[in-house]
Structures are given as C-alpha cells and as structure tokens.
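A structural walkthrough
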Amino acid sequence: MRKRVFQKTQKEHALKIERAKAAAQRRAEAALYIDEISRAQSAYANAAFSNTDDANHDKIVENARLTYQNALKKYGFDEKEFEYRPICPICNDAGSVNGKPCKCIFDEYIANLKKACDIDVRAKFSFADCDLEKVKDETQRKSLATLYAAMQKYVEKFPKSECSTIVFSGGVGTGKTCLASAIARAVVEKGYAAKIMSAYEFNSLMLKIHTSPIAERNALIHDVITADLLLIDDLGTEPMLKNVTVEYLLLVIEERQTKGRAMVITTNLDTDGILFRYGERIYSRLSHKQHSKIIEMNGKDLRINR
C-alpha cells in the first residue's frame, strides 16, 4: 500500500509542478497577445541585445524596460508571473534532499496515505485526544496512563517492535478501540500504512476471497497481508462461517507474524473465550510470547463512568 500511495503522490506532485509551469506560460502568452505589451517587449529585447557602442545604451535599455513594465502594469500583469518559481524552496521541486523525500512531498504523501487508510473515518481518536482526568476510577486511570505511555513508545519504535501482535482484551467501554485507533493514526502519521477493519468486515472479505476465482484472490487479500499495521476491531462479534472465519484468520495471523508485520486486535473475549471460539492454533499464535501480547483492559465502562 505504501508504495502504491507514494507513487501516486509523486505523479500528483509532478503534475502540480507542470500545471504551475503551464499557468506561467499561459499568463505570458496572454500578455503578449496585447499589441502595446508585445511592442514594448520587442523594443526592450532589441535594446537589450543590440550591439551598439552608443554611450546612452544603458539609458535606452532602462527606458525600454520601464516602458515594457508600465505596459504590463496597465493591463494588470506583472513580469514575475511569467517566470516559474519552484513551489518548494527547500528542494526546488526536486522532491528530495540528500536522497530522502523532501518535506513538501512527504506532507502530500501523508495526506494521501490518510485517505487511502481512511484514517479520519476509521481512526478518529488520537493520543492527543486522551484525557485521563475524566476517568473517575483512580485504579483504572493509572492503569490506562501506564498503558497509553507504553503504546506511545511502541509507536515511536514502530516498526521495530519486539512484539508484532497486540491483543486488547476487555469488557465493553474499557477503551480498547480508542487506544487501537490512536496507535493506527500515529503509525500512519509516521508514514506507514494501516489497514483498519471491523471483525465483521474482515470476515466478509475473507468470505469473498474464499468464493472468488483463484486468480483474483491475491489482489483482494494483498493489503490485509502487506499493510504495515493491520487493525481488526471487535474480534468475536463476527459470524462463524465454516471453512472461512477460523481458517482465514489463522492464515492472516501466520503470514503477518512470519513477515514480522504488526497487528492490533481488540476483543471483548477473555483468553478462555478466544481459545473456545477460535481454537488452540489461533490462541497459541495470539498468546505466543515471542510474537504476541494479550493485554487485558479491565475496569468500568468509560462511556458512562466519567
């Protein structure tokens, strides 16, 4: 996904530069369509490039230049408009500085990446939005503070984290989705791609893949497998489909853990519930000490206990 979005950004950046150059060219051509400006410009050019030893040559050139500039001003033009000026003063529109993407194109890339990841719809909550002072229960507030601090460090190190799979387990309203959202948003703002799905959407996509021709399956599952971060929200709320739900979830977990790609899962299920619903193979991968961590988020419903 990242590569696709960056290539799109580069094309858009190049097109923006070409449009700016073309606009300057059109503005110059529009000015020269006016006879008074065209004559003044020709007179100025002839004076400037004439090979004469006239002692008043410099004065003649200056007068011709002033006549040309006054003609431009009369019709609402400025000579500076005709010369293309780089949009970015840092890289002069090269798009890179010292072999790295310039801020101008990186900012455009992040904006495009957010759109591609649908981040403003699927992950509205950010670390900056977290206001733990509203949490009345002191024990829960301290626990959340510790957890948020740890997840911010996780994002700072991303994608070089010791743990590739994080499962937030807990009751309704304990803040699982908000925290997962904050992680996903922060990861995307660093320039990494996040695929964000509800468990129901994930399950529906896997069913579509299962029933599609083999030649089409790779394209359908590509972003789920290759995104830098996969977020599956509310695991356990999706219907159990034979040969689909467990089998494809296992496939995705195994593939992503093998490649060391991050995954965040939220669920209302406790560890026993995960084991009972999905079986030993999935449970063992979600609780594997080398790759995974199940974090229990206990406490009261934050939506009504503030």
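Source: prediction; values computed, not measured. (Residues numbered from 1 in each chain as written. Predicted model: local features only at pLDDT ≥ 70, side-chain atom pairs only at ≥ 80, totals over all residues. Heavy atoms only, no water.)

1. Section: the pairing of strand E5 (residues 229-235)
The following threshold applies: Burial classes: relative accessible area under 20% of the type maximum marks a residue as buried, over 50% as exposed, and values in between as partly exposed (1.4 Å probe, protein chains only). Under the scheme used here, helices are H or I runs from DSSP no shorter than 4 residues and strands are E runs no shorter than 2 residues, and both carry numbers assigned from the N terminus. For two strands to pair, DSSP has to find at least two bridges joining them. Orient the strands so they point away from the viewer, and a crossover whose first-strand-to-second-strand path over the helix runs clockwise is right-handed.
Of all the 7 residues making up E5, 6 are buried; the element is thus mostly covered by neighbouring parts of the structure. As paired elements, strand E4 (residues 194-198) and E5 share 5 bridges and run parallel to each other. Bridge assignment links lysine 195 to a residue of E5, and that residue is leucine 230. Bridge analysis of E5 against strand E6 (residues 262-267) gives 5 bridges, and the strand direction is parallel. Across the sheet, leucine 230 pairs through a bridge with methionine 263, a residue of E6. With helix H10 (residues 245-259) bridging E5 and the parallel E6, this β-α-β connection has right-handed handedness.

2. Here we look at the sheet that holds strand E7 (residues 292-297)
Selection criterion: Axis definition: a line fit to C-alpha positions, over the contact stretch in the case of helices; interaxial angles, taken between N-to-C directions, run 0 to 180 degrees. Only heavy atoms matter for contacts: two residues are in contact if any of them lie within 4.5 Å across the pair.
A sheet is described by the order of its strands in space; here 5 strands give the open sequence E4-E5-E6-E3-E7, paired in parallel fashion. Strand pairing shows two members of the sheet lacking a second neighbour, E4 and E7, which therefore form its edges. Shown here is a sheet whose adjacent strand axes are inclined to one another by a mean of 15°, direction ignored. Docked against the sheet, helix H7 (residues 176-189) engages strand E3 (165-170), E4, E5, E6 and E7, running at close to 165° with respect to E5.

3. Remarks on the side chain of lysine 176
What counts here: Within this scheme the basic residues Lys and Arg register as positive and the acidic residues Asp and Glu register as negative, but His and the chain ends are omitted. Salt bridges are identified by distance alone: a Lys or Arg side-chain nitrogen within 4 Å of an Asp or Glu carboxyl oxygen. Pairs of N or O atoms are called polar contacts if they sit within 3.5 Å, as long as, within protein, a hydrogen donor faces a hydrogen acceptor (for residues adjacent in sequence, only side-chain-to-side-chain pairs).
Within the fold, lysine 176 resides in helix H7. The side chain of lysine 176 is buried and forms no salt bridge, while aspartate 234, the nearest opposite charge, is found at 5.7 Å. Among the polar contacts made by the side chain of lysine 176, one reaches the side chain of asparagine 268 at a distance of 3.1 Å.

4. Things to note about the packing of aromatic side chains
Which entries qualify depends on this criterion: Centres within 6.5 Å make a pair out of two Phe, Tyr or Trp rings, where for Trp the six-membered ring is used; the pair is then stacked when the planes are under 30 degrees apart, edge-to-face when over 60, and tilted otherwise.
Evaluation of the coordinates by the stated rule reveals 7 aromatic pairs. Centroid distance phenylalanine 77 to phenylalanine 82: 6.2 Å. Interplanar angle 50°. Geometry classified as tilted. Exposure remark for phenylalanine 77: the relative accessible area of 12% places this residue in the buried category. Each residue in the set Phe6, Phe106 and Tyr109 is aromatic and connected to the rest through ring pairs, giving one cluster.

5. Considering the pattern of salt bridges
A side chain with one charge can pair with a side chain of the opposite charge if their charged atoms come near. With the rule as written, the count across this model stands at 15 salt bridges. Among the salt bridges present, the one from aspartate 223 reaches arginine 4, with a minimum N-O distance of 3.0 Å. Separated by 219 residues along the polypeptide, aspartate 223 in helix H9 (residues 214-226) and arginine 4 in helix H1 (residues 2-32) bring together distant segments of the chain. Given a relative accessible area of 16%, aspartate 223 falls into the buried group. On the basis of relative accessible area, arginine 4 is assigned to the partly exposed category, the value being 44%. Across the pair glutamate 12 and lysine 8 runs a salt bridge, and its minimum N-O distance is 2.6 Å. Of this pair, glutamate 12 and lysine 8 are both found in helix H1, 4 residues apart, which corresponds to roughly one turn of the helix. The partly exposed category is assigned to glutamate 12, whose relative accessible area is 35%. Each of the salt bridges in this network shares a partner with another, and the network as a whole consists of Lys114, Asp120, Arg185 and Glu189.

6. As for the environment of lysine 134
Within the secondary structure, lysine 134 sits in the loop between helix H5 (119-122) and helix H6 (138-157). The exposure class of lysine 134 is partly exposed, given its relative accessible area of 46%. Sequence-wise, lysine 134 and leucine 302 are 168 residues apart; in three dimensions their C-alpha atoms are separated by 8.9 Å.

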